[in-house]
Amino acid sequence: TVFESREDLKEEQLDSFLHPTIPTTSQAPFDPPAVQKPEWTTPEGWEEQSATGPRVATFGVKGDGEAELDISVTTFPGSMGGPLANLNRWRRQLELDAITEDQLADYAKEREVGGRPALLVDLKNGDRGMLAAMILSEEASWFVKAVGNASLTENQKANFEAFLDSIRFPAP
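All values derive from a computational prediction rather than experimental measurement. (Residues numbered from 1 in each chain as written. Predicted model: local features only at pLDDT ≥ 70, side-chain atom pairs only at ≥ 80, totals over all residues. Heavy atoms only, no water.)

(A) Expanded view of the overall build of the protein. Looking only at helices and strands, one finds 5 helices and 7 strands in the protein. Starting at the N terminus, the α and β elements of the protein follow one another as α-β-β-β-α-α-β-β-β-β-α-α. For the protein, the proportion of its 172 residues judged to be buried stands at 37%. In the protein, once contacts between residues fewer than 6 apart in sequence are set aside, the share between residues at least 24 apart is 52%. When the accessible surface of the protein is split by element, carbon and sulfur atoms take 48% of a total near 10900 Å². (Helix = DSSP H or I, 4+ residues; strand = E, 2+ residues; numbered from the N terminus. Buried < 20%, exposed > 50% of the residue type's maximum accessible area, 1.4 Å probe, protein only. Contact = heavy atoms within 4.5 Å. Areas by Shrake-Rupley, 256 points an atom, 1.4 Å probe, with all protein chains shown as cover.)

If you want it as structure tokens, here you go:
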């Protein structure tokens, strides 16, 4: 509904807009799309943890000292804005500047995951790093992301890529 002015709004509409209700449950505000979970082989040293919200799976990796990696497998409906939007979202998470469409190929390498086209990203900023893969489609997109200590991210790169190579999506 389009309103010509604030006066056109009913009091309860204006109140709900200005003072939104915050859910009191600890559940995520949405559930992942109802898609079949792919199969994969978990690399040695990756500890499976509980998955919540849009996460289909969560793994943790501990390194030397307090170095840790949080690895997630998530799925969302649609393409989530496409490669550039996703890459720039991840760059912001590491406090890196956004890039342009012309720079996309410099930061996202094409590969296949489970027989589907995907993009692989390797980002670092100081002592923080991220490995991420985006498998985008109009129906449902999958993301695999490892975030944490930059050295541990580098040390786990082969395991991360082996995990991607092991993913098998169910037949449609």
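(B) Representation of helix H2 (residues 83-93). All of the buried residues in H2 are Asn86, Leu87, Asn88, Trp90 and Arg91. The inward-facing, buried residues of H2 abut helix H3 (104-107), strand E5 (116-125), strand E6 (128-135) and strand E7 (140-149). Phi for glutamate 95, located one or two positions after H2, is positive at around 60°.

(C) Up close: unusual backbone geometry. With phi around 60°, glutamate 95 is a residue other than glycine that occupies positive phi space. Structurally, glutamate 95 is set in the loop between H2 and H3.

(D) Examining the side chain of arginine 91 more closely. Here arginine 91 shows up in helix H2. Buried and unpaired, arginine 91 has aspartate 97 as its nearest opposite-charge partner, separated by 6.4 Å. (Lys, Arg positive; Asp, Glu negative; His and termini not counted. Salt bridge = Lys/Arg side-chain N within 4 Å of Asp/Glu carboxyl O.)

(E) Fine view of the environment of glutamate 110. The topology assignment puts glutamate 110 in strand E4 (residues 108-113). Taking the relative accessible area as the measure of exposure, glutamate 110 reaches 74% and is therefore exposed. In this structure, the C-alpha to C-alpha distance between glutamate 110 and alanine 133, residues 23 residues apart in sequence, is 9.6 Å.

(F) Examining the sheet that holds strand E2 (residues 55-62) more closely. Spatially, E1-E2-E3-E7-E6-E5-E4 is the arrangement adopted by the 7 strands of the open sheet, whose pairing is antiparallel. Whereas interior strands pair on both sides, the edge strands pair on one side only; in this sheet they are strand E1 (47-49) and E4. Strand-to-strand, the axes of this sheet are offset by a mean angle of 20°, without reference to chain direction. One ladder, built from 3 bridges, connects E1 with E2; its direction is antiparallel. Paired with glutamine 49 across the strands is threonine 58, a residue of E2. (Pairing = 2+ DSSP bridges. Axes fitted to C-alpha atoms, helices over the stretch in contact; angles between N-to-C directions.)

(G) A look at the nonpolar core. Counting residues in hydrophobic clusters, the biggest one holds 24 residues, and the most contacted among them are Phe59, Val73, Phe160, Phe163, Leu164 and Ile167. Among residues more than four places away in sequence, those in contact with phenylalanine 163 are Trp40, Thr41, Thr42, Pro43, Trp46, Phe59, Val73 and Val144. Among the nonpolar cores identified, the runner-up in size contains 16 residues, and Trp90, Leu96, Met130 and Val147 belong to it. (Core = buried A, V, L, I, M, F, W, Y, C linked by side-chain atoms within 4.5 Å.)

(H) Looking closely at empty space enclosed by the protein. This structure, assessed with the given rule, holds 1 cavity of 30 Å³ or more. In this structure, the largest cavity spans a volume of roughly 30 Å³. If you go around the largest cavity, the residues you meet are Pro38, Trp40, Val73, Trp142, Val144, Ile167 and Phe169. Residues that form the lining of the largest cavity fall into these classes: 7 nonpolar, no polar and no charged. (1 Å grid on protein atoms, 1.4 Å probe; cavity = no way out; pocket = protein on both sides within 12 Å on 5 of 7 lines; lining within 4 Å. Points joined across faces, edges and corners; volume = space filled by probe spheres on them. Nonpolar A, V, L, I, M, F, W, Y, C, P; charged D, E, K, R; others polar.)

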